[in-house]
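If you want the building blocks of each chain, they are given just below.
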Amino acid sequence: MSDNVFPVPAEVASRALADNAKYLEMYRKSVDDPAGFWGEHGKRIDWIKPFSKVKNTSYDPHNVSIKWFEDGTLNVSANCIDRHLETRGDQPAIIWEGDDPADHKVITYKDLHREVCTFANVLLAHGVKKGDRVTIYLPMIPEAAYAMLACARIGAVHSIVFGGFSPDSLAQRIADCKSTCLITADEGLRGGRTVPLKLNADRAAEKAPVDTMIVVKRTGGAVAMTGGRDVWYHEEAAKVSAENTPAEMSAEDPLFILYTSGSTGSPKGVLHTSGGYLVYASMTHQYVFDYHEGDIYWCTADVGWVTGHSYIVYGPLANGATTLMFEGIPTYPNAGRFWDVVDKHKVNIFYTAPTAIRSLMGAGDEHVTRTSRESLRLLGSVGEPINPEAWMWYYNVVGDKRCPIVDTWWQTETGGILITPLPGATPLKPGSATRPFFGVQPAVVDAEGNILDGATEGNLVILDSWPGQMRTVYGDHDRFVQTYFSTYKGMYFTGDGCRRDADGYYWITGRVDDVINVSGHRMGTAEVESALVAHPKVSEAAVVGYPHDIKGQGIYAYVTLMAGEEPSEALRKELVAHVRKEIGPIASPDLIQFAPGLPKTRSGKIMRRILRKIAEDSFENLGDTSTLADPAVVDDLIENRQNRA
Ligand code: ATP
Ligand code: MG
C-alpha cells in the first residue's frame, strides 16, 4: 500500500469549515460528551417540538435499543424543502441531467415544493397513510426524489428497489415489507436503451400483489394498465392540489427501509428513522464535502442505493444545496460524459465509486483532458476500497492535482459516512479512508473481540452509537441483534476487516464474509447461487468473486450438475441467461466451472476460502484443508479452473 502523503493545501484549509485543529477539538468533544455534542448539532435541522432527550442507546445484546432525540417531532420533507423557500425559493434544488445529453431540467426549491406536495396528495388520494410502506421502482428521474419526499411528507415509509433488479427480486422486497402501493415508470432509459420497468412491476405484482400501482410516464413506450389497480401519475396529479401540510412525525418514526445485498441469506430490510438520520446525513454532507452555500454538488449514485438516499436527496436538500441527479451512465454517449456534465453545469463537488473511476481510467485520458473541469474543487469516492492507482489517476488526471479526494467509508446500516478525510483538516493517503467523523468511535478487534492498540490489523467495530445508525431489521429485531451485536458483545460489528497505521489512519481491507461487488453493484453470493440452483439441471452452486480489471470483481460460479446431465458450452450460456432473467444483468456469471463436487466441511458447509483462491488462480497455499470431507475434489477443481493467468 502506498504511504504517499498529500498535505492539506493552505487555500483549502483556509476556506474550509474545519481545519485540523478544529477537527481534533470537535472530535474530542463528540466522544467525551456525545449528548452535549449532538444536543448542539441536533439543532441544525428544524424541529416542530424540540427534543429534550438526546441519546438513549444500548448495545447490550440482551437489549439492543437505539434512540436519538426521541421526544422531538419534525417533518423530514419540510426540512428538505419548506424551510428553504423564503431564502432559496428560486435557487436550483435539483439539476436533472437526462440520459440524452440534450435533455436537462432545473428544479428550484419552489418547484420542488409544488411537485412534492402534489405527489403527497396523490398518495393520500389513493389511501396511503402514515406508517404504510410504499415501494419505489423508478429510474433516475426527478419523480424518484419527489416520491421519496412525498412519502416523508405524509409519514409513509419508502422502500426503494434499484431499477436494475428483476421481477422476482422486486416481488421479494414488496412482500417482505408488505407494501400496498408501488410507484414505477413505463420504462427507464440508460445509455440509450430502454428498461421495461412497468412490465417487470406487473410480473412482480403477480407474486406480490399491491392495491395501487402509480405509473410515471418517462419514455411513452406502450405498457398495459390493469384497471382498478394502475393509474398514470400525470393524470392523478392533475386532480389534486399543489399544497400539502407536512405531517408531524416523531424523531424515531421510520423514514425508510432499504434492503442490503443479502450475502448471508435473504436481504435485510435496513430501517432508518427520521430525526437522527437527517441530522447525521446533513452534517456529514456539509463537513465531508466542505459544502458552502451556492456550491453545485453531484453524487453519481443511484437512488436505489443508500448513497443516493443520504447524499443525493436527504443530506444535500436538508442543507439547501443544489444536487445534480443523473439518469445515464458514465460511458454514454462516450467515456467523457461525466466531465462534459461537470463543465455543462459547473459542478464543484463530485462524488463517485471506484468502479466508475477504474473503467474510465481504462478508456483513456483524452476523454478527460479534452474537458475543462475548472469548476471542480473536491472529489469523493465510496463503495469499496479505492486502489492507489485509481486514486492517483482520479487525483492527477480528473482533479488536475488541485482537488482533495475524500475516500468515504460507510454502509447502508450506518446511514451516513463514518470514516473519511475532511478536506481542510486531513492529509490524504491514497487508499485510506483516514479518520473517524465526529461522534464515531472505531476500534480494531481480534477474532475474540479483544481491542487492539496502535498500528494493527483485524476486524472493524464501532464502540458507541451515532445518530444515523439503523434502528432494526424491518420485522426482525432478532436478526438485527444477531447480525451486528452478537459477534463481539457490546460493539457494533461492521463485517469489514481493516488495518490501522501508525498515524491512526484506517485502511479498509474488505469484508470479512463474502459479497461480490460488480461494477459498484453489491450482491450477496447467496442470491446468485439460489438463482443457479433454481435451474432444473443444476444440483449445487457456489459463487465467489475474483479480480476483474473493469468491474472490480467478476462473478465466478462453481456448478454441480444433476446426475446424468453433461457439461456443454450451450448449457453454460443457458445458465448465464437464466441468472440474468432471475436477478438481472448485473448478476450474470463471468466464468462458470462445472464441478463434480464442491469442497465441504464434514458438517456440510462449503469452504469458500478455497473456492476463492482457485478462482483467483492462486492455489499454492490453500491453508488448512484437514476439515474437508473429501480432499480429492480440490484437485479436480484446480485442474479445471477457468481463470488462468
Ligand atoms: P450486505 O450487508 O447485504 O452484504 P453490502 O455491505 O454490500 O450489503 P453496502 O451497505 O452498500 O452493502 O456497502 C457497505 C460496504 O461497502 C462496507 O461494509 C465496505 O465493505 C464497503 N465500502 C464502502 N465504502 C468503502 C470505502 N470507502 N472503502 C472501503 N470499503 C468501502
Ligand atoms: Mg454490508
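Residues numbered from 1 in each chain as written. Chains lettered and ligands numbered in written order. Predicted model: local features only at pLDDT ≥ 70, side-chain atom pairs only at ≥ 80, totals over all residues. Heavy atoms only, no water.

J.: I tried to follow the packing of helix α20 (residues 608–615) against helix α21 (residues 632–639) on my own but got confused; where do I start?
T.: For any two helices packed against each other, the geometry comes down to the angle between their axes and how far apart the axes lie. At a minimum axis separation of 10 Å, α20 and α21 run at an interaxial angle of 25°. Relative to α21, the element α20 is oriented roughly parallel. Crossing hand, α20 versus α21: right-handed. Seen from α20, the contacting residues are Ile610, Leu611 and Ile614; seen from α21, they are Val634, Leu637 and Ile638. A class-by-class count of the residues in the contact of α20 with α21 yields six nonpolar, no polar and no charged. (Axes fitted to C-alpha atoms, helices over the stretch in contact; angles between N-to-C directions. Helix = DSSP H or I, 4+ residues; strand = E, 2+ residues; numbered from the N terminus. Parallel < 35°, antiparallel > 145°, perpendicular 65-115°, else oblique. Left-handed = near helix turned anticlockwise from the far one by under 90°. Contact = heavy atoms within 4.5 Å. Nonpolar A, V, L, I, M, F, W, Y, C, P; charged D, E, K, R; others polar.)

J.: How should the nonpolar core be read in this particular structure?
T.: Soluble globular proteins: nonpolar side chains tend toward being buried together. Within the largest apolar cluster, 130 residues are counted, with the highest numbers of intra-cluster contacts made by Leu112, Leu123, Ile183, Phe289, Tyr314 and Phe438. Looking at which element gives the most residues to this core, the answer is helix α7 (residues 142–154), with ten residues. What Ile183 contacts, discounting residues up to four positions off in sequence, is Phe119, Leu123, Val134, Thr135, Ile136, Tyr137, Leu138, Ala147 and Ile214. Within the second largest apolar cluster, 30 residues are counted, among which are Trp339, Val341, Ile357 and Leu379. (Core = buried A, V, L, I, M, F, W, Y, C linked by side-chain atoms within 4.5 Å. Buried < 20%, exposed > 50% of the residue type's maximum accessible area, 1.4 Å probe, protein only.)

J.: Any chance you could explain the pattern of salt bridges here in plain terms?
T.: Side-chain pairs of opposite charge can arise whenever the charged atoms involved come near each other. Taken as a whole, this structure holds 33 salt bridges when the rule is applied. As a salt-bridge pair, Asp90 and Lys110 come within 3.1 Å of each other at their nearest N and O atoms. Here the residue Asp90 occupies a position in the loop between α5 (85–88) and β4 (92–97), and Lys110 occupies one in helix α6 (residues 109–125), the gap between them amounting to 20 residues. One network of salt bridges, in which partners are shared, links Lys198, Asp202, Arg229 and Asp230. (Salt bridge = Lys/Arg side-chain N within 4 Å of Asp/Glu carboxyl O.)

J.: Is there a simple way to think about the sheet that holds strand β17 (residues 322–326) in this case?
T.: Within a sheet, neighbouring strands are paired by backbone hydrogen bonds and run either parallel or antiparallel to one another. In space, the seven strands of this open sheet follow the order β5-β4-β17-β16-β18-β19-β20, with mixed pairing throughout. Both outer strands of the open sheet, β5 (104–108) and β20 (405–408), are each paired with one neighbouring strand and no more. Here the strands of the sheet are splayed against their neighbours by 20° on average, with no regard to which way each runs. Where strand β16 (residues 296–299) lies against strand β18 (residues 349–352), three bridges are found, and the strand directions are parallel. The residue of β18 that forms the bridge with Tyr297 is Ile349. (Pairing = 2+ DSSP bridges.)

J.: It is not clear to me how the pairing of strand β1 (residues 55–58) should be interpreted in this structure. Could you clarify?
T.: Regular strands place their side chains on alternate faces of the sheet. As paired strands, β1 and strand β2 (residues 65–68) are joined by four bridges and run antiparallel to one another. Paired with Thr57 across the bridge in β2 is Ile66. Linking β1 back to β2 in an antiparallel pair, the connection comprises six residues.

J.: Is there a simple way to explain helix α3 (residues 34–41) in this structure?
T.: Since the α-helix advances by 3.6 residues per turn, residues separated by three or four positions end up pointing in the same direction. Listed in full, the buried residues belonging to α3 are Pro34, Phe37, Trp38, Gly39 and His41. Those residues of α3 hidden inside the fold are in contact with α2 (20–32), β1, β2 and α11 (275–288).

J.: Is there a simple way to explain the side chain of Arg373 in this structure?
T.: Here Arg373 is to be found in the loop between α15 (366–369) and β19 (378–382). Polar contacts involving the side chain of Arg373 include one to the main-chain carbonyl oxygen of Val397, which spans 3.0 Å. Dropping the residues within four chain positions of it, Arg373 is found in contact with Trp339, Val342, Asp343, Val368, Val397, Val398, Asp400 and Arg402. (Polar contact = N/O pair within 3.5 Å; in protein donor to acceptor, adjacent residues only side chain to side chain.)

J.: Can you help me understand the environment of Gln593 in this one?
T.: Within the fold, Gln593 resides in strand β31 (residues 591–594). By relative accessible area, which is 0% here, Gln593 ends up buried. Every residue in contact with Gln593, bar those within four places of it in the chain, is listed here: Tyr556, Ala557, Tyr558, Val559, Asp636, Leu637, Asn640, Arg641 and Gln642.

J.: Please clarify how the packing of aromatic side chains should be interpreted in this entry.
T.: Describing an aromatic ring pair means giving the distance of the ring centres and the angle of the ring planes. Here the structure, examined in full by the defined rule, presents 44 aromatic pairs. Between Tyr287 and Phe438 the ring centres are 5.5 Å apart and the planes differ by 85°, which places this aromatic pair in the edge-to-face class. Highlighted residues: Tyr287 in helix α11 and Phe438 in the loop between β20 and β21 (442–445), separated in sequence by 151 residues. Comparing Tyr287 with Phe438, the two get one shared label, buried. Between Phe326 and Phe338 the ring centres are 6.3 Å apart and the planes differ by 70°, which places this aromatic pair in the edge-to-face class. Of the two residues, Phe326 sits in strand β17 while Phe338 sits in helix α13 (residues 337–345), which places them twelve residues apart along the sequence. Relative accessible area serves as the criterion here: at 3%, Phe338 is assigned to the buried category. Each residue in the set Tyr23, Tyr27, Phe37, Trp38, Trp47, Phe51, Trp68, Phe69, Tyr280, Tyr287, Phe437 and Phe438 is aromatic and connected to the rest through ring pairs, giving one cluster. For Lys429, the ring lying beneath its charged end belongs to Tyr505, and the centroid distance is 4.6 Å. A cation sits over an aromatic face here: Arg499 above Trp507, 4.8 Å from the ring centre. (Phe/Tyr/Trp six-rings, centres within 6.5 Å; stacked < 30°, edge-to-face > 60°. Lys NZ or Arg CZ within 6 Å of the ring centre and 35° of its normal.)

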